[in-house]
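# Coordinate analysis (summary)
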Amino acid sequence: MPRPACSPAGRAIYDGIEMITLLDYGAGNVRSVRNAIRKLGYSVRDVSCPEDILQAEKLIFPGVGSFGNAMTRLRDEGYVEPLRQYLNAGRPFLGICLGLQTLFDGSDESPGIPGLGLIPGHVSRFDDSVLSVPHIGWNGINIRKDSALFSGYQGERLYFVHSYRGVRDEANSDWILTTTNYGEEFISGVEKGNVAAFQFHPEKSGDAGLGILRGFLGADALELGGARYDPGAEVAETRLAKRIIACLDVRANDEGDLVVTKGDQYDVREEGQVRNLGKPVELARRYFEEGADEITFLNITGFRDFPLEDQPMLEVLRLTSEKVFVPLTIGGGIREYKDADGKYYSALDVASEYFRSGADKISIGSDAVYAVEEYRRLGTKTGKSAIEQIAEVYGNQAVVVSIDPRRVYVRSPGETARHTIKTAVPGPGGEAYCWFQCTVKGGREGRDVDAVELAGICEQLGAGEILLNSIDRDGTGIGFDTELVRAVREAVSIPVIASSGAGGVQHFTEVFENTGAEAALAAGIFHRKEVPIAAVKDHLRGTGIVVR
Ligand code: 1PR
């Protein structure tokens, strides 16, 4: 493929606005990095040829995807040598996430593929026998040396999403800027001279993250005034916070306007009309300001429409990512598709458009059920399911599987081949056992697959997280189905988001205390302003549960 022409060489200041050079090799969501840079008053120039790297005044490298994929792309574009030259000269550089990992010699994620070799050591995987992996969510940092990057930082938690990490040893100790604990201590930040990199995402870490980014962009103008390194201070282990997620079910109402709606057990109509609880972008912004740790959009009629023709939904994502600096997940209609002209789009094409529009994670519902049925039929992976294809390119952490289960009661486990539990909430005929039947098409069709099996197989296919709804509890306000959440949580080693049924602050405490879920999601109580997000967090804090 011919390389694009180089961007015009020249000054890094245009019309009084400083240019930041962005190394985006087109493999994921760097829209939020762009948006964050712009919000801080800078403009962005993309690297389009190797010389652009050497001409940069300040270079940001937000690596996305897998280690091997990133290094191969860098090599194919001819970027490796100029990048090494730039780094070895100690010129201003900020790596984010994989942008940190590629600075090491290599990674267990992609054996045999060398990294940039600036920092001695190998990146390796967290141990998923003791922890849920990926490490997703808001964790702290321990600052190990003073840095102008933390001029405005006051010790807030920051957003991480990764399965691999660097660990410190003698050979790389002079690089260590910050460390974080997740089962063990790992390197969450490095800095030497003008070269710095973070494992967390400053662009997704709310105002605290934007402050750190500002520290890099305007580092020379800042005085040290924020969090400082205190060599005498005792270093406490950092802890990952439980996440509180606001969910926006979105669809067009009968007038054709895109609205946030909300169902009762998935029925979103009231007196024949689609319930309208607000405008998607406005609500998302409100939740960001109120302290939501993450925002999820579900395009609930995506299973029957084609999302790439649903431009308003993509526009919602683009506009939201300009204002909202916490992770955004989008689901609905992620599957392969043929348009009216017979043109074929893979699920990866659909997901890519969502990532380009500002999504950090995509969520797959119906198609995950079909993929599990196919896996059961063949007894093996095909590499062709949407989960496998998207995880391969964007990484497991970018793929959420959304499950819409409904309880099916039985008198004894022998009545079904599906995974049953003994329940404390007996069925209408006094049945003491139930299984959780997966559905497709927004709960309209039940399939012969249970939620526990589905979650396990989806993990094997490459899903990085489970969004676990409950049709029985949705919109009821009677609390999460903790039996369901516990059963799924115990079956997988990826994070589980408990969803459906939150009616009060105590329900969040209950689900975290009884299930081990990493996150809890709610919709109705937030949309109707019945319970503020801050009240949920205060209650959790009061019971000793760590929150941001
Ligand atoms: O199948 O890949 O096209 O994805 C469709 C997506 O849309 C799925 O993730 C599915 O969960 C969602 N969906 C489809 N129909 C509905 C519906 O409500 N009619 N949303 C729907 C339901 C439940 C949560 C809700 C929680 C919390 N999803 O979105 O936010 O239950 O609510 P609560 O706190 O008010 O109880 P595909």
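Here we summarise the structure given alongside this text. (Residues numbered from 1 in each chain as written. Predicted model: local features only at pLDDT ≥ 70, side-chain atom pairs only at ≥ 80, totals over all residues. Heavy atoms only, no water.)

### Remarks on the overall build of the chain
- Summing up its helical and strand segments, the chain has 16 helices and 31 strands in all.
- Structurally, the chain occupies a C-alpha span of about 75 × 60 × 45 Å along its principal axes.
- Taking all contacts inside the chain whose residues are at least 6 apart in sequence as the whole, residues at least 24 apart take part in 71%.
- Split by element, the accessible area of the chain, about 21,200 Å² in all, is 46% carbon and sulfur. (Helix = DSSP H or I, 4+ residues; strand = E, 2+ residues; numbered from the N terminus. Contact = heavy atoms within 4.5 Å. Areas by Shrake-Rupley, 256 points an atom, 1.4 Å probe, with all protein chains shown as cover.)

### With respect to the site of the ligand
- Residues in close proximity to the ligand total 25 residues, the closest being Lys262, Ser366, Ser402, Asp404 and Asp474.
- In the model, an oxygen atom of the ligand is placed 2.6 Å from a nitrogen or oxygen of the Asp404 side chain.
- Take Ala523: an N or O atom from its main chain is 2.9 Å from an oxygen atom of the ligand.
- In isolation the ligand has 760 Å² of accessible area, and contact with the protein removes 98% of it. (Near = heavy atom within 4 Å. Polar contact = N/O pair within 3.5 Å; in protein donor to acceptor, adjacent residues only side chain to side chain.)

### Quick look at the pattern of salt bridges
- Under the definition given, this model contains 37 salt bridges.
- Between Glu353 and Arg356 there is a salt bridge, with its nearest N and O atoms 3.0 Å apart. Pair noted here: Glu353 and Arg356 are both in helix H9 (residues 347–356), with a separation of 3 residues, about one helical turn.
- Taking the relative accessible area as the measure of exposure, Arg356 reaches 49% and is therefore partly exposed. (Salt bridge = Lys/Arg side-chain N within 4 Å of Asp/Glu carboxyl O. Buried < 20%, exposed > 50% of the residue type's maximum accessible area, 1.4 Å probe, protein only.)

### Focus: the packing of aromatic side chains
- All told, the structure shown has 13 aromatic pairs when counted by the stated rule.
- Ring centres of Phe126 and Tyr182 lie 5.3 Å apart, and the angle between their planes is 85 degrees; this geometry places the pair in the edge-to-face category. Here Phe126, found in the loop between strand S7 (119–125) and strand S8 (135–139), pairs with Tyr182, found in strand S12 (residues 176–182); they are 56 residues apart in sequence, far enough to count as distant. Of the two residues, Phe126 and Tyr182, neither departs from the other in class, the shared state being buried.
- Here the aromatic rings of Phe198 and Phe200 are separated by 4.5 Å at their centres, their planes lie at 25 degrees, and the arrangement is stacked. (Phe/Tyr/Trp six-rings, centres within 6.5 Å; stacked < 30°, edge-to-face > 60°.)

### Concerning unusual backbone geometry
- Val133 connects to Pro134 through a cis peptide bond whose omega is 5 degrees.
- Within the fold, Pro134 resides in the loop between S7 and S8.
- One non-glycine residue, Cys97, lies in the positive phi region at around 60 degrees.
- For Cys97, the position within the fold is in strand S5 (residues 93–97).
- Non-glycine residue Tyr266 carries a positive phi angle of around 80 degrees.
- The topology assignment puts Tyr266 in the loop between strand S16 (258–261) and strand S17 (269–270).

### Things to note about the nonpolar core
- If you look at the biggest cluster of nonpolar residues, it comprises 131 residues, and the most contacted ones within it are Ile60, Ile295, Phe297, Ile362, Ile390, Phe508 and Phe526.
- Filtering out sequence-adjacent residues up to four positions away, Ile362 remains in contact with Thr329, Ile330, Ile334, Ala351, Tyr354, Phe355, Ile390, Ala398, Val399 and Val400.
- Of all hydrophobic cores here, the second largest spans 33 residues; its members include Ile53, Ala70, Leu98 and Ile119. (Core = buried A, V, L, I, M, F, W, Y, C linked by side-chain atoms within 4.5 Å.)

### Observations concerning the sheet that holds S7
- Read from one edge of the open sheet, 3 strands run S6-S7-S11, paired in mixed fashion. On the outer flanks of this sheet lie strand S6 (104–107) and strand S11 (164–166), each paired with one strand and no other. Adjacent strand axes in the sheet meet at a mean angle of 25 degrees, parallel and antiparallel pairs treated alike.
- Bridge analysis of S6 against S7 gives 3 bridges, and the strand direction is parallel. Looking at S7, one finds that Phe104 is bridged to Ile119. (Pairing = 2+ DSSP bridges. Axes fitted to C-alpha atoms, helices over the stretch in contact; angles between N-to-C directions.)

### Things to note about helix H3 (residues 67–76)
- Residues of H3 that are buried include every one of Phe67, Gly68, Ala70, Met71 and Leu74, and no others. On an axial view of H3, the arc spanned by its buried residues comes to 165 degrees, and they lie on one face.
- Elements that come into contact with the buried residues of H3 comprise strand S4 (59–63), helix H4 (80–88), helix H5 (98–101) and S6.
- Just past H3, the residue Gly78 takes up positive phi, approximately 80 degrees. (Arc of directions from axis to C-beta.)

### Some remarks on the side chain of Thr180
- Locating Thr180 in the fold gives a position in strand S12.
- Since its relative accessible area comes to 0%, Thr180 is described here as buried.
- At 2.8 Å, the side chain of Thr180 and the backbone oxygen of Gly140 are in polar contact.

### Topic: the packing of helix H13 (residues 482–491) against helix H14 (residues 505–515)
- Where H13 meets H14, the axes come as close as 9 Å, and the angle between the chain directions of the two elements is 35 degrees. The interaxial crossing formed by H13 with H14 has right-handed handedness. Across from Thr482, Val485, Arg486 and Arg489 in H13, the residues of H14 making contact are Glu510, Val511, Asn514 and Thr515.
- Along the lines of polarity and charge, the residues of the contact of H13 with H14 split into 2 nonpolar, 3 polar and 3 charged. (Left-handed = near helix turned anticlockwise from the far one by under 90°. Nonpolar A, V, L, I, M, F, W, Y, C, P; charged D, E, K, R; others polar.)

### Some details on the pairing of strand S28 (residues 445–450)
- In terms of strand pairing, strand S27 (residues 433–440) meets S28 through 3 bridges, oriented antiparallel. Bridging from a neighbouring strand, Thr439 pairs with Gly446 of S28.
- The loop that links S27 with its antiparallel partner S28 comprises 4 residues; one of these, Lys441, has a positive phi angle of about 55 degrees.

### Considerations on the environment of Asp230
- Note on placement: Asp230 falls in the loop between helix H6 (206–217) and strand S15 (243–252).
- A C-alpha to C-alpha distance of 45 Å links Asp230 and Asn469, two positions 239 residues apart in sequence.

### Details of the state of the cysteines
- This model, assessed by the stated rule, comprises 0 disulfides.
- Note on Cys458: no disulfide assigned, nearest cysteine sulfur contributed by Cys438 at a separation of 8.2 Å. (Disulfide = S-S within 2.5 Å.)

### Overview of the pairing of S7
- Relative to S11, S7 runs antiparallel, the two sharing 3 bridges. Paired with Val123 across the bridge in S11 is Gly166.

### So, helix H16 (residues 533–542)
- The set of residues buried in H16 consists of Ile533, Val536, Lys537 and Leu540. Looking straight down H16, one finds that the buried residues subtend no more than 95 degrees of arc, so they occupy a single side.
- Buried positions along H16 lie against S15, helix H7 (280–289), H14 and helix H15 (524–527).

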